[in-house]
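# A look at the structure
Here are the chains, one letter per residue:
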Amino acid sequence: MQLLPWPAYLPDMPPIEHVWYLVGRRLACDPRPAALKDELLLRIQAIWNSLPQTDIQNLFDSMPLRIATLIAARGGYTKY
């Protein structure tokens, strides 16, 4: 198994952060406020379960380019 060079701590690089961003965007489009915490959790879970697998796969497929960009920026700012 080949390991990818990975910086010690960059919170925006892991794909899960971008998945949560997608969930947050969809949640923000819902005009109804959640009355209870459980209702909010159910909405989040429904959005999570309905995310297209292609969106998730695209995030994983973009990782080599993201890492190469990060390495080229020497750990500095990237558009990701």
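First things first, this report covers the structure right here in the doc. (Residues numbered from 1 in each chain as written. Predicted model: local features only at pLDDT ≥ 70, side-chain atom pairs only at ≥ 80, totals over all residues. Heavy atoms only, no water.)

### A few points about the packing of helix H3 (residues 53-61) against helix H4 (residues 63-72)
Closest axis-to-axis distance for the H3/H4 pair is 5 Å, and the angle between their directions is 35 degrees. Contacts from Leu-59, Phe-60 and Asp-61 of H3 reach H4 at Met-63, Pro-64 and Arg-66. Per-class residue counts for the contact of H3 with H4 are four nonpolar, no polar and two charged. (Axes fitted to C-alpha atoms, helices over the stretch in contact; angles between N-to-C directions. Helix = DSSP H or I, 4+ residues; strand = E, 2+ residues; numbered from the N terminus. Contact = heavy atoms within 4.5 Å. Nonpolar A, V, L, I, M, F, W, Y, C, P; charged D, E, K, R; others polar.)

### Focus: the pattern of salt bridges
Applying the stated criterion across every chain yields a total of three salt bridges. Linking Arg-32 and Asp-30 is a salt bridge whose minimum nitrogen-to-oxygen distance equals 2.8 Å. According to the relative accessible area criterion, Arg-32 is exposed, its value standing at 51%. By relative accessible area, which is 21% here, Asp-30 ends up partly exposed. Across the pair Arg-43 and Asp-30 runs a salt bridge, and its minimum N-O distance is 3.5 Å. Separated by 13 residues along the polypeptide, Arg-43 in helix H2 (residues 37-50) and Asp-30 in the loop between helix H1 (15-28) and H2 bring together distant segments of the chain. Look at Arg-43 and you get buried, because its relative accessible area is 11%. (Salt bridge = Lys/Arg side-chain N within 4 Å of Asp/Glu carboxyl O. Buried < 20%, exposed > 50% of the residue type's maximum accessible area, 1.4 Å probe, protein only.)

### Here's the deal with a nonpolar patch on the surface
Side chains of Ile-16, Trp-20 and Trp-48 sit close together on the surface and give an oily, nonpolar patch of about 300 Å² of accessible area. Looking at the secondary structure, you find Ile-16 in helix H1. By relative accessible area, Ile-16 is classed as partly exposed at 38%. (Patch = residues over 30% accessible without salt bridge, like charges linked within 9 Å, V, L, I, M, F, W, Y side chains within 5 Å. Areas by Shrake-Rupley, 256 points an atom, 1.4 Å probe, with all protein chains shown as cover.)

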